[in-house]
Amino acid sequence: MSQPVEGAEEPEEPHGPRQVVRAEGGFAYGVIGADIHVFGDGMPLYLLENLHPVPETDSQWLREQPSRMLNSRFAVVGFTSRADELAQLHQWRETGPRLAARWLHGPGGQGKSRLAAQFAAESAAAGWKVVTATHGPGSVIPPPGSQNMRLDNTAGLLMIVDYADRWPQTHLTWLLSNALLHQSAVRTRVLLLARTADLWPALRATLTNQQAGISTQFLQPLSTDGSGQRAAMFEAARDSFASRYGVDTPADIAPPGPLNAPDFGLTLAVHMAALVAVDAHVHGRRPPADMAGLTVYLLDREHAHWARLYGDRTHQLNPTERTYFTPPSVMNQAVFIAALTGALQDSTGREVLSTFRLPLAPEQVIADHTICYPPAGPVQESVLEPLYPDRLAEDFLALTLPGHTADYPVQTWAAPTATALLTRDSDLTPAAWTPRTITFLAAAAERWDHLGPGYLYPLLREDPQLALDAGSAALTSLARLDDIDPALLKAIEARFPPGRHADLDAGAAVVVYRLAHHRLADTQDAYEHARVRENLAKRLHYAGLHEEAATVAQDALPACRYLVKANRAHEPGLASMLNSVGVYLSEAGRSEEALTPAREAVAIRRRLAQTKPGAHQHENLAMALMSLGSWLSEVGRVEDALACTREAVAIRRRLSDADPAVHQYTLAGLLGNFGIDLSENGQQDEAVAVTQEAVTLFRRLAGTDPVAHQYSLALVLTNLGTRLSEVGRHGEALAPSQEAVVLFRPLAKANPAAYEPGLAGALTNLGNRLSAVGQQGAADAARQEAAAIRSRARQRSGQGVDH
């Protein structure tokens, strides 16, 4: 069937907090030339910044904490061994439609950030504007005017979104609607970096609606096929590190262990091996050969630096000398806290540290921590910058928490500290860093067996809601842990909202998928098999995995048929499952295949309506007919589609006559859509009559509840004007077209994002109607206003209400 241009329902607001846009002095939070979407309290959903140049780094400063050399921000190691992947990105940048997005994914430490940084640098050198997007809650807001996003004289725009799989989907959707990306004359590319591709299917729909090219690129592990890729990467990294240590003959430094071991498939692992090999060579030590040993070695160097600073008691920090007071034991806890929270604004950082009653004032600990871990970027106003790279921070968390056997000191304060950071405030609001905390702990639990059973799982049993507070990325990580108890996943699943939730759907699908395997293996009951598959298919569908949803739903059909064969009381369940199969097939672009289950569903519903008459059975038959009609229309069988819709309308009309309070609203919406279908099939006179009936019903509904029905009434009035014009009744078409504009204006003023498109459409239709009756001046004014609204929408696409 046609899309519900004249539908019965208002568009839903995005899930999550209401978002607003605030501008100060002509720009919003320092950004010029782009939108900034913020929460109702003014906290930005995301920050846009121009690409930062690679900072100059002093070799002695790097050697103080060798982990600094692994931070991709400093680019200590020259780019190597990913030439093919870089070439793919360049080809993507230069070909395809004006707007395109790519999801670049691979495990943590695979080299995504380094590859993206190289691509960004080369794009900037080629004249492209390069912008980074950082998820906003907790971020430090740059000062006004600091970020010029104007695209004057640029070859194109490249936006890089790191940790994209950790963003709530609604926040990514708002980012992708930013006016910066929708300037028609500018070639635009959005590169999203992520560890997994779980969020991508649901996001594709947003990009498709924006006519964007979409693609994915998986960053493969380093090769073990004898090509020497790992050895070449080790040598390049070793030589780069050696130059920072002043080693003249780096070729004498061999890998600490066999590079073809599975652990060294990650770029970060090879770099760690090279760094530890060089550092151990300089200090006359024997380097460890495995990843756990390399990690402990680097963390020991962190401890040594904290101790050295405390022992020296002073640290030169240009242009003044500052006294360093924090003992290593206190710095250890501060670094642990920072790894869990991420960088914070100064006031928040002081508030966090004050809750732990450290033996020093929070201001002193923060000052000393900043010496060890200075904030990133040119606007250095944040505190508690975490240990980098992320994988090292994850391992640091796991090793600090008790339960492992590695040669590394555990801390009794570690578990209580983490728990305190996840404690809700008085109104049960989760801490802003909850997504990072749970995600980092879950990622660490993949590699450290003690962390899940010893700490993470008991924490989540006590408060399963934390998993949902952490979002889809955390849910996905948790569901993929080998040793997680299905009972814990069930407790988390029990908190899922029953319907869609854009920010949880991807992770919920992974949890339900994991549980489905346990449930199916635990029972031979046909009803339970059908129920489990039905629930899984629904969750996959919500996550945008329509092909997978169709497969699972089809797999449920044999169990449904078996149940019906044993007891005809299960026929409604079979009909529902058949309809779901049709929905999922249609969403996957397989509308022709959707017809077969849809026809069977209609046959079952028709038989039930005949043998068990009642409003409920007839309503289900009408719904099944509408679904079948929709898919018949999609494959071009318009006459058959109209027959289905006509029968559904007749059923709805009878139901509405019997019980208007329950069925009138649904009938009105159905009539509005039916009018479109009739018009498209050349049956204009009937289309006018049907649309007039829809207007009558919606006018009656709006009279009792204008807030709920004003939007729908405005839509059908707009379309009534079109229907009347199609049959030459131009004078009569003018009144409903004018009334539609009057109804849309207050809606668009209250919520431009939701209702300005409707107002623009109504104004365009009004212009056409005015032109048809010879009022050309008024027609031009209406069309110009519509064009101005559409232009404004393109420039400020996706904004919420400005409070």
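Note that this is a predicted model, so its numbers are computed, not measured.

Peer 1: Any chance you could explain helix α6 (residues 229–245) here in plain terms?
Peer 2: In a regular helix each residue adds 1.5 Å, so 17 residues correspond to 24 Å; α6 covers 24 Å between its end C-alpha atoms and thus fits that length. Within α6, burial applies to Gln 229, Arg 230, Met 233, Phe 234, Ala 237, Arg 238, Ser 240, Phe 241, Ala 242, Arg 244 and Tyr 245. Residues of α6 that are buried sit in contact with α1 (59–64), α7 (267–283) and α8 (291–312). The positive-phi residue at the C-terminal boundary of α6 is Gly 246, with phi of around 75 degrees.

Peer 1: In this structure, what is going on with the packing of aromatic side chains? I would like to understand it.
Peer 2: One pair of aromatic rings is described through two measures. These are the centre distance and the angle between the planes. If you walk through the whole model with that rule in mind, you get 9 aromatic pairs. Considering the side-chain rings of Tyr 665 and Phe 698, the 6.3 Å spacing of their centres and the 85 degrees angle between planes classify their relative orientation as edge-to-face. Placement of the pair is Tyr 665 in helix α26 (residues 660–680) and Phe 698 in helix α27 (residues 684–704), with a sequence separation of 33 residues. The exposure class of Tyr 665 is partly exposed, given its relative accessible area of 26%. Through successive ring pairs, a cluster of aromatic residues spans Phe 336, Phe 396 and Trp 413. Just above the ring of Trp 92 sits the side chain of Arg 189; from NZ or CZ to the centre is 5.9 Å.

Peer 1: Just checking my understanding: could you explain the sheet that holds strand β10 (residues 213–218) for this structure?
Peer 2: Pairing between the strands of a sheet comes from backbone hydrogen bonds, and it takes one of two forms, parallel or antiparallel. Taken in spatial order, the 6 strands of this open sheet run β4-β6-β8-β9-β5-β10, and their pairing is mixed. Either end of the sheet is taken by a strand with one partner, and the two such strands are β4 (46–50) and β10. Going across the sheet, the axis of each strand differs from the next one's by a mean of 20 degrees, ignoring polarity. In this structure, strand β5 (residues 99–105) lies alongside strand β9 (residues 188–194), joined through 7 bridges in parallel fashion. Residue pairing in the sheet places His 105 in a bridge with Ala 194 of β9. Its contacts with the sheet place helix α4 (residues 169–176) against β4, β5, β6 (128–135), β8 (156–161) and β9, and it is angled at close to 45 degrees to β4.

Peer 1: Help me out: how do you make sense of the pattern of salt bridges in this one?
Peer 2: Taken as a whole and assessed by the stated rule, the structure comprises 29 salt bridges. Here Arg 606 ties to Glu 647 by a salt bridge, and the two come within 2.4 Å at their closest N and O atoms. One end of the pair, Arg 606, is in helix α23 (residues 591–611); the other, Glu 647, is in helix α25 (residues 638–658), and 41 residues separate them in sequence. Judged by relative accessible area, which is 29%, Arg 606 ranks as partly exposed. Taking the relative accessible area as the measure of exposure, Glu 647 reaches 27% and is therefore partly exposed. In this structure, Asp 780 engages Arg 783 in a salt bridge whose closest nitrogen and oxygen atoms are separated by 3.9 Å.

Peer 1: Where do I start with the pairing of β10 in this structure?
Peer 2: Each regular strand shows side chains that alternate between the opposite faces of the sheet. What you see with β10 is a clean split: Gly 213, Ser 215 and Gln 217 sit on the buried side and Ile 214, Thr 216 and Phe 218 on the side with no burial. Bridging between β5 and β10 involves 6 bridges; their strand directions are parallel. Residue pairing across strands places Ala 101 opposite Ile 214, the latter belonging to β10.

Parameters at a glance
- Residues numbered from 1 in each chain as written.
- Predicted model: local features only at pLDDT ≥ 70, side-chain atom pairs only at ≥ 80, totals over all residues.
- Heavy atoms only, no water.
- Helix = DSSP H or I, 4+ residues; strand = E, 2+ residues; numbered from the N terminus.
- Expected span 1.5 Å × (residues − 1).
- Buried < 20%, exposed > 50% of the residue type's maximum accessible area, 1.4 Å probe, protein only.
- Contact = heavy atoms within 4.5 Å.
- Phe/Tyr/Trp six-rings, centres within 6.5 Å; stacked < 30°, edge-to-face > 60°.
- Lys NZ or Arg CZ within 6 Å of the ring centre and 35° of its normal.
- Pairing = 2+ DSSP bridges.
- Axes fitted to C-alpha atoms, helices over the stretch in contact; angles between N-to-C directions.
- Salt bridge = Lys/Arg side-chain N within 4 Å of Asp/Glu carboxyl O.

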